[in-house]
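Each chain, letter by letter, is given below.
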Amino acid sequence: MGVRGEFYTPEINRNIIVFRAGGAYFAKHVPIYMQDIIYVLDFGSQYAHLIVRRIREMGVLAELVTPQFPLQMLAEARGIILSGGPQNLSESSALRVNASIFSLGIPVLGICYGQQLMAYELGGKIQSSKRREYGHVEVTLARKSRIFAGLGKKQDVWMSHGDAVSKLPKNFTIIASSDNCPAAAVAYEQRKLFGLQFHPEVMHTKNGQKILANFIKITGVKKTPKGRDFIEKSVEEIRQRIGNDRAICALSGGVDSAVAAVLVHKAIGKNLTCVYVDTGLMRAGETESIKKIFRSYLKINLIIVRAEKDFLARLKGVVDPEKKRKTIGELFIRIFEKEAKKIGKVKWLVQGTLYTDAVSSGKSVGSKNAAVIKSHHNVGGLPKRMGMKLIEPLRDLYKYEVRKIAVALGLPKSIAYRVPFPGPGLAIRIIGEVTRDKLELIRQADKILSEEMEKSGVKVSQYFAVLPSTIRSVGVQGDARTYGFPIIIRAFNTPDFLTVQWANLPHKLLAKISSRITNEVEGVNRVVYDITSKPPGTVEWE
Ligand code: XMP
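Computed from a predicted structure; not experimentally measured.

Caption draft 1: Region of the structure containing the site of the ligand. Every one of the 13 residues lining the ligand counts as a neighbour, but Lys-374, Gln-462, Lys-534, Val-539 and Glu-540 are closest to it. At 2.8 Å, a side-chain N or O of Arg-325 approaches an oxygen atom of the ligand. Take Gly-423: an N or O atom from its main chain is 3.2 Å from a nitrogen atom of the ligand. For the ligand, whose unbound accessible area comes to 500 Å², protein coverage reaches 84%.

Structural data, given as structure tokens:
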């Protein structure tokens, strides 16, 4: 490694080793199939994660790391991006960077605070702007630069800053200015050092993606092999790690665990057993579809555990959301553990953990301890207890990348593009006590919603029905008075499920959904639409 430090979860992934040194977490990429990488140094901007995503959208591997990430490792990168951040360079607490990164011969792009930091470290000066610039601003390109290749003289960009570069470091020139910010972009072309006071990663910067693409071109980084290449390399890697051992995988019905299972199955065949626990809290037709796809089509060992009765018995009288989640999680793990023991000598647990899962659960590089908003349902605690090792083949990928791999693996579209579904299932979409009748009712409503969404062709990231069973309302249906349940419809768009924007569904579609649910689902006399984003709401109601 060339770096001293306490190793932390070295098993975490086949191509990232995370370790801890001096109280901070670092990630080391062991380039097995990914030869080229761009490191994004995280100075705390809320958009740092978005920079990584934008680069990855271009098929290039990018990784978010702390500013203290060791120089020796940065030196392996093809390019370095310094993110924005809330600090002020006049304060001693401001996060700094080892100035040697600017003489590694690697292209560097500083964004917002990143530009100021680069200028500062190289001898420039920073000053508070006369006026804070926030939001949309027009900049004028002052001279030719490779970072702006192919762009017109005037550019719509998005700014959010108080400070700005007031004196350039030696050899730097201004390449764009706005009314309030003379150094809206700077460059030292020969050394391939570039700075932008605005944010190319946000959508509001019209040609932001083009600017990032220009930077990528300057770095000469090669695209990450995806699809077939990824599959081949990943399968080989899994085969080497697992050898002749046995592995087990909990299938949830979603795309992540399915893809993880298929990759491991390709590597070790019969030594993999998948376990699907039918909690009775699933959507309509879910268990049957899993059975068909995994047993008949993919020919993967699959154990289906029918446990509806057990789950309903445990959930009797439980109304508190966290208690519900914990009750379900515990029982799930107990059942899963029992099945693993039955198979015997299982050494590996396969999980479909994604890049964003690691980030949202506060495990990613550089993140602080996140508050527990919800106890997410997973079997992550199991391996330690049972002496198993974790295998997470999708840990570097975003959901949309996993969907592409699912298609490349030949998984049916119904799985590849399946609407995400939480582990605790419909139980956390029934507000109040969970009963078999209520489950039946919400399943019917959810099925109608799915049918209408699919028919309409309207694409959103996720949609579902909620049954607030503690509320009733008066209605009139067929000339008679009813006293029934409402159904809440939720639909939204999101790049990563960390923040979401409620979806503006066409009124005609909402009308159809409402009329079908109230007509066809007995006991429901009202449909309402949830217009809450995240934050302040979360996706699921509980
Ligand atoms: P929240 O409600 O946390 O949901 O904003 C974000 C995304 O995660 C899904 N979700 C879960 N997925 N186990 C899962 O596997 C869980 O316990 C769980 N809770 C929420 C939710 O559907 C959304 O896509």
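Caption draft 2: Summary view of helix α1 (residues 48–57). α1 sits mainly inside the fold: nine of its 10 residues count as buried. Three or more residues of α1 are buried, namely Ala-48, His-49, Leu-50, Ile-51, Val-52, Arg-53, Arg-54, Ile-55 and Arg-56. In the stretch just after α1, Gly-59 is the one whose phi turns positive, near 85°.

Caption draft 3: Structural context of the environment of Ala-77. As for its position among the elements, Ala-77 is in the loop between α2 (71–74) and β6 (79–82). Take Ala-77: its relative accessible area is 6%, and that puts it in the buried class. Between the C-alpha atoms of Ala-77 and Pro-107, which are 30 residues apart in sequence, the distance is 9.4 Å. Apart from residues no more than four positions distant in its own chain, Ala-77 is found in contact with Ile-37, Tyr-39 and Ile-106.

Caption draft 4: Representation of the pattern of salt bridges in the model. Throughout the structure, instances matching the rule amount to 27 salt bridges. The salt bridge partner of Arg-283 is Glu-286, with a shortest N-O separation of 2.9 Å. It is possible to trace a salt-bridge network through shared partners that takes in Lys-447, Glu-451, Glu-452, Lys-455, Lys-512, Arg-516 and Glu-520.

Caption draft 5: Quick peek at the packing of aromatic side chains. Per the stated rule, a full pass over the model turns up six aromatic pairs. With centroids separated by 5.8 Å and ring planes inclined at 90°, the aromatic side chains of Tyr-47 and Trp-158 adopt a geometry described as edge-to-face. Taken as a pair, Tyr-47 in the loop between β4 (38–41) and α1 and Trp-158 in strand β9 (residues 154–167) lie far apart in primary sequence, 111 residues in all. Both residues of the pair, Tyr-47 and Trp-158, belong to the buried class. The interplanar angle of 65° and the centroid separation of 5.5 Å between the aromatic rings of Tyr-134 and Trp-158 together place this pair among those described as edge-to-face. Remark: Trp-158 occurs in strand β9 and Tyr-134 occurs in strand β8 (residues 125–141); sequence separation between them is 24 residues. Tyr-134 gets classed as exposed once you look at its relative accessible area, which sits at 58%. Feature note: the residues Tyr-47, Tyr-134 and Trp-158 constitute an aromatic cluster, connected by ring pairs. A cation over an aromatic ring shows up here: Arg-429 above the ring of Phe-464, its NZ or CZ 3.8 Å from the ring centre. Above the plane of the ring of Phe-485 lies Arg-472, whose end atom (NZ or CZ) is 4.4 Å from the centre.

Caption draft 6: Summary view of the environment of Ser-177. On the secondary structure map, Ser-177 appears in strand β10 (residues 173–177). Judged by its relative accessible area of 23%, Ser-177 is partly exposed. Put simply, Ser-177 and Glu-138 are 39 residues apart on the chain and 8.6 Å apart in space, counted from C-alpha to C-alpha. Among residues more than four places away in sequence, those in contact with Ser-177 are Glu-138, Val-139, Thr-140, Pro-182 and Ala-184.

Caption draft 7: Broad picture of the confidence of the model for the protein. Confidence along the protein averages 87 in pLDDT terms, with 88% of residues attaining 70 or more. Contacts of residues 360–370 to residues separated by more than four positions or lying in other chains number 16 contacts, the stretch itself having pLDDT below 50.

Caption draft 8: The arrangement of the pairing of strand β21 (residues 480–493) in detail. Counting buried residues in β21 gives 10 out of 14 residues, a clear majority hidden from the surface. Here five bridges tie strand β19 (residues 462–468) to β21, and the two strands are oriented antiparallel to one another. Across the sheet, the residue bridging to Gln-462 is Phe-492, located in β21. The pairing of strand β20 (residues 473–477) with β21 spans five bridges and is antiparallel. Residue pairing across strands places Val-474 opposite Tyr-483, the latter belonging to β21.

Caption draft 9: Broad picture of the nonpolar core. By size, the foremost hydrophobic cluster in this structure holds 48 residues, and its most contacted members are Phe-311, Ile-487 and Ile-517. Sorting elements by how many residues they give to this core places helix α14 (residues 436–456) first, with seven residues. Both domain 2 (230–416) and domain 3 (435–529) contribute no fewer than three residues apiece to this core. What Ile-487 contacts, discounting residues up to four positions off in sequence, is Leu-441, Ala-445, Ala-465, Val-466, Leu-467, Ile-517, Val-524, Arg-526, Val-527 and Val-528. Among the nonpolar cores identified, the runner-up in size contains 43 residues, and Leu-263, Ile-268, Ile-405 and Leu-409 belong to it.

Caption draft 10: Geometry of the packing of helix α8 (residues 308–315) against helix α9 (residues 321–343). Running from N to C, α8 and α9 point in directions that differ by 145°, and their axes come no closer than 10 Å. α8 and α9 meet at a crossing whose hand is right-handed. In this structure, α8 uses Asp-310, Phe-311, Arg-314 and Leu-315 to contact α9, whose residues at the interface are Lys-324, Thr-327, Ile-328, Leu-331, Phe-332, Arg-334 and Ile-335.

Caption draft 11: The arrangement of the side chain of Ser-469 in detail. Structurally, Ser-469 can be placed in the loop between β19 and β20. Looking at Ser-469, the relative accessible area reads 11%, which means it is buried. Within the structure, Ser-469 has its side chain in polar contact with the backbone oxygen of Ile-431 (distance 2.6 Å). Once residues within four sequence positions are removed from consideration, Ser-469 is found in contact with Ile-430, Ile-431, Gly-432, Glu-433, Lys-438 and Phe-485.

Caption draft 12: How the structure looks around the state of the cysteines. The full count for this structure, using the stated rule, is zero disulfides. With no disulfide partner, Cys-112 has as its closest neighbouring cysteine sulfur the one in Cys-181, 9.3 Å distant. Under the relative-accessibility criterion, Cys-112 is labelled buried at 5%.

Caption draft 13: A look at unusual backbone geometry. Cis rather than trans, the peptide bond between Lys-534 and Pro-535 has omega equal to -15°. Secondary-structure assignment places Pro-535 in the segment after β23 (524–529). Of note in this structure, Cys-112 is not a glycine but carries a positive phi near 55°. As for its position among the elements, Cys-112 is in the loop between β7 (108–111) and α3 (113–121). For Lys-345, which is not a glycine, the phi torsion comes out positive at approximately 50°. Looking at where Lys-345 falls in the secondary structure, it is placed in the loop between α9 and β16 (346–350). According to the relative accessible area criterion, Lys-345 is exposed, its value standing at 75%.

Calculation criteria
Residues numbered from 1 in each chain as written. Predicted model: local features only at pLDDT ≥ 70, side-chain atom pairs only at ≥ 80, totals over all residues. Heavy atoms only, no water. Near = heavy atom within 4 Å. Polar contact = N/O pair within 3.5 Å; in protein donor to acceptor, adjacent residues only side chain to side chain. Areas by Shrake-Rupley, 256 points an atom, 1.4 Å probe, with all protein chains shown as cover. Buried < 20%, exposed > 50% of the residue type's maximum accessible area, 1.4 Å probe, protein only. Helix = DSSP H or I, 4+ residues; strand = E, 2+ residues; numbered from the N terminus. Contact = heavy atoms within 4.5 Å. Salt bridge = Lys/Arg side-chain N within 4 Å of Asp/Glu carboxyl O. Phe/Tyr/Trp six-rings, centres within 6.5 Å; stacked < 30°, edge-to-face > 60°. Lys NZ or Arg CZ within 6 Å of the ring centre and 35° of its normal. pLDDT = per-residue confidence, 0-100. Pairing = 2+ DSSP bridges. Core = buried A, V, L, I, M, F, W, Y, C linked by side-chain atoms within 4.5 Å. Domains from an automatic or database assignment. Axes fitted to C-alpha atoms, helices over the stretch in contact; angles between N-to-C directions. Left-handed = near helix turned anticlockwise from the far one by under 90°. Disulfide = S-S within 2.5 Å.

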